[in-house]
Amino acid sequence: KLPLFTLPVIVENEQLQVEIGDRVTYVDLAEPSYQKSFRIVADGHDPATGLVNKAKPIAQALLGVVEGSVVQVLIANRPTKRFKLLKIEREETGT
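Bear in mind that the values here come from a model prediction, so they are computed numbers and not experimental data.

(A) Summary view of the packing of aromatic side chains. For the structure on display, the rule yields 2 aromatic pairs. On the numbers, 5.7 Å between centres and 75 degrees between planes, the contact of Tyr26 with Phe38 is edge-to-face. Placement of the pair is Tyr26 in strand β2 (residues 23-28) and Phe38 in strand β3 (residues 31-41), with a sequence separation of 12 residues. Assigned by exposure class, Tyr26 and Phe38 land together as buried. Consider the rings of Tyr26 and Phe83, whose centres lie 5.0 Å apart with planes at 85 degrees: the pair is edge-to-face. Taken as a pair, Tyr26 in strand β2 and Phe83 in strand β6 (residues 81-91) lie far apart in primary sequence, 57 residues in all. Residue classification places Phe83 among the buried residues on the basis of a relative accessible area of 9%. Here a set of aromatic residues connected by ring pairs shows up, and it is made of Tyr26, Phe38 and Phe83.

Quick notes on the rules
Residues numbered from 1 in each chain as written. Predicted model: local features only at pLDDT ≥ 70, side-chain atom pairs only at ≥ 80, totals over all residues. Heavy atoms only, no water. Phe/Tyr/Trp six-rings, centres within 6.5 Å; stacked < 30°, edge-to-face > 60°. Helix = DSSP H or I, 4+ residues; strand = E, 2+ residues; numbered from the N terminus. Buried < 20%, exposed > 50% of the residue type's maximum accessible area, 1.4 Å probe, protein only.

Here's what the structure looks like:
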């Protein structure tokens, strides 16, 4: 019988790279006291519930990076933002 819920798994001693489906926590380097988290999804987009589509600039910047990385996000007609990836959470899959 499969559980009705999944728990996030934080893998230590292994450099996880951000993938679709991961929950990421990051900080805006211009406002270091403000942390934000969301899950990167392949379909849909609902920032109010913490879901950001893989095609959005912040998701594009974070995909493939490891914890501790600093990324730049370029959005038309806005100043460049710099974010530091603090944590990657990946739900356990499989048996």
